[in-house]
Amino acid sequence: MSKRAERTSEVYKDVRDFYDGYGWKSAEKNDCYQAEVLHEHLNETARAYMKSNEMRYSKYYGDGGRLFLDAGCGAEPRREMSSAFAKCVCADVSLVGLKESRKKLKDSGLYVVADLAALPFKKKSFDGILVSHCVYHIDKDLQPLVIRELYKLAKPEKTILIFYASNRNLVSVFQAVGIKTYKLVMLLLRLVRRKRVEDEKTPPPLYYYIHNPFKLTRAFDEVDITCLRILTRWETTALAKLKLLKLVVPLLSFLERKFPHLMLYIGKYVTIRIRAQ
Ligand SMILES: C[S@@+](CC[C@H](N)C(=O)[O-])C[C@H]1O[C@@H](n2cnc3c(N)ncnc32)[C@H](O)[C@@H]1O
């Protein structure tokens, strides 16, 4: 097996193990999953902010249709996004995630354990496709192929939405500085106390790789990339601690809706919208 193929299958296995063994297990205190606690701030304002930002893209699915594909749905299928479709096909590597999805969608869903790089569906089968926060957990060299394969599964003129991320924005720059400062402080503390200072209980590592979304999708004719949302967990938590979240969210939501392309340079998460031909 080549080095590249080895890495690809290692990433696949690690991500599956992370979600099966940790991410899609219930968190102890909250009524949610461990992956959510790890990746999102979960108060009411933050949840409403995330949901409304995603839902503003549902208009691109038009009147819906027969089959919707929620690729990499894990335990969080986007029920509202697929409500205009007769059936929602949930595909993921995580069996634990799919079992949770089945509890939510019941008979309106079909559940398939599969790798997004090798989905077992016929070309042009789907009337709408969503890939939410999944592609950046796929090996970096495979991500372009996965998007090309998903494109083939969409019927002509139908929409593929990919919730992805970007590193070329203000939030990412602040985060990079924040992480470096944190690491430096931890190192200094270790030196001062002359013993290992443990970080808070560390969860298992999870692979991710963020390409430049414009380069990632340059092969497609009809593609539009806009800001999905500005805030990630870190800024949301900081604003909530400062009691500023409720004040800031309406302003950011206004900016995200009014200037979706400009806000790409501020916010971390992006929506890649591709129309199939
Ligand atoms: C961050 S979760 C996103 C879940 C859900 N779509 C959401 O937005 O809340 C990423 C999901 O992608 C799945 N995943 C990662 N790599 C995959 C692959 N190669 N094939 C299928 N699913 C994959 C993981 O198992 C996990 O359930």
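On a predicted model such as this, the values are computed, not experimentally measured, just so you know.

**Student:** An account of the site of the ligand is requested, with residue identities and associated values reported.
**Tutor:** Inspection of the region around the ligand gives 20 residues, with Gly72, Asp92, Asp115, Leu116 and Ser132 positioned closest. For the ligand, an oxygen atom lies 2.6 Å from a polar atom in the side chain of Asp92. At 3.3 Å, a backbone N or O of Val93 approaches a nitrogen atom of the ligand. Starting from 600 Å² of accessible surface for the ligand in isolation, the protein chains cover 93%. The element contributing the most residues to the shell around the ligand is helix α1 (residues 3-23), with 3 residues. In terms of residue class, the shell around the ligand is made up of 10 nonpolar, 6 polar and 4 charged.

**Student:** Let's hear about helix α6 (residues 170-193): which residues, and what values?
**Tutor:** In a regular helix each residue adds 1.5 Å, so 24 residues correspond to 34 Å; α6 covers 35 Å between its end C-alpha atoms and thus fits that length. Every buried residue belonging to α6 is among Val171, Ser172, Gln175 and Met186, and all of these are buried. On the buried face of α6, the contacting elements are α8 (233-241).

**Student:** Pulling in residues and values, what's your account of unusual backbone geometry?
**Tutor:** Despite not being glycine, Lys106 shows a phi value in the positive range, around 50°. Mapped onto the elements of the fold, Lys106 is located in the loop between α4 (95-105) and β3 (109-113). Residue Lys243 is not a glycine yet carries a positive backbone phi of 60°. Turning to its location among the elements, Lys243 is positioned in the loop between α8 and α9 (245-258).

**Student:** How would you sum up the packing of aromatic side chains? Please name residues and give values.
**Tutor:** This model, assessed by the stated rule, comprises 12 aromatic pairs. Their ring planes at 40° and their centres at 5.0 Å tell us that Tyr151 and Phe220 sit as a pair that is tilted. With Tyr151 in helix α5 (residues 143-153) and Phe220 in the loop between α7 (213-216) and β6 (223-229), this residue pair connects regions lying 69 residues apart in the sequence. Linked through ring pairs, Phe18, Tyr19, Tyr22, Trp24 and Tyr33 together constitute an aromatic cluster. Of note, Lys140 hangs over the ring of Tyr209, and the distance from its end group to the ring centre comes to 5.7 Å. Positioned above the aromatic ring of Tyr60, the side-chain terminus of Arg273 is 3.8 Å from the ring centre.

**Student:** Please provide a residue-by-residue account of empty space enclosed by the protein, values included.
**Tutor:** A complete count under the given rule lists 1 cavity of 30 Å³ or more for this structure. In this structure, the largest cavity spans a volume of roughly 40 Å³. As for the largest cavity, its lining consists of Glu40, His41, Ala46, Tyr49, Met50, Arg229, Leu231, Arg233 and Thr236. At the level of elements, α3 (44-55) and α8 are the ones that each hand at least two residues to the lining of the largest cavity. Among the elements that take part in the lining of the largest cavity, α3 stands out by supplying 3 residues, more than any other. Along the lines of polarity and charge, the residues of the lining of the largest cavity split into 4 nonpolar, 2 polar and 3 charged.

**Student:** Just give me the short version of the side chain of Glu235, but keep the residues and values in it.
**Tutor:** For Glu235, the position within the fold is in helix α8. No salt bridge is formed by the buried Glu235. Its closest oppositely charged neighbour is Arg229, at 7.3 Å. Not counting residues up to four positions away in its chain, the partners in contact with Glu235 are Val171, Gln175 and Ile230.

What counts and what doesn't
Residues numbered from 1 in each chain as written. Predicted model: local features only at pLDDT ≥ 70, side-chain atom pairs only at ≥ 80, totals over all residues. Heavy atoms only, no water. Near = heavy atom within 4 Å. Polar contact = N/O pair within 3.5 Å; in protein donor to acceptor, adjacent residues only side chain to side chain. Areas by Shrake-Rupley, 256 points an atom, 1.4 Å probe, with all protein chains shown as cover. Helix = DSSP H or I, 4+ residues; strand = E, 2+ residues; numbered from the N terminus. Nonpolar A, V, L, I, M, F, W, Y, C, P; charged D, E, K, R; others polar. Expected span 1.5 Å × (residues − 1). Buried < 20%, exposed > 50% of the residue type's maximum accessible area, 1.4 Å probe, protein only. Contact = heavy atoms within 4.5 Å. Phe/Tyr/Trp six-rings, centres within 6.5 Å; stacked < 30°, edge-to-face > 60°. Lys NZ or Arg CZ within 6 Å of the ring centre and 35° of its normal. 1 Å grid on protein atoms, 1.4 Å probe; cavity = no way out; pocket = protein on both sides within 12 Å on 5 of 7 lines; lining within 4 Å. Points joined across faces, edges and corners; volume = space filled by probe spheres on them. Lys, Arg positive; Asp, Glu negative; His and termini not counted. Salt bridge = Lys/Arg side-chain N within 4 Å of Asp/Glu carboxyl O.

Purely geometric stuff here, so don't read any function into it on its own.
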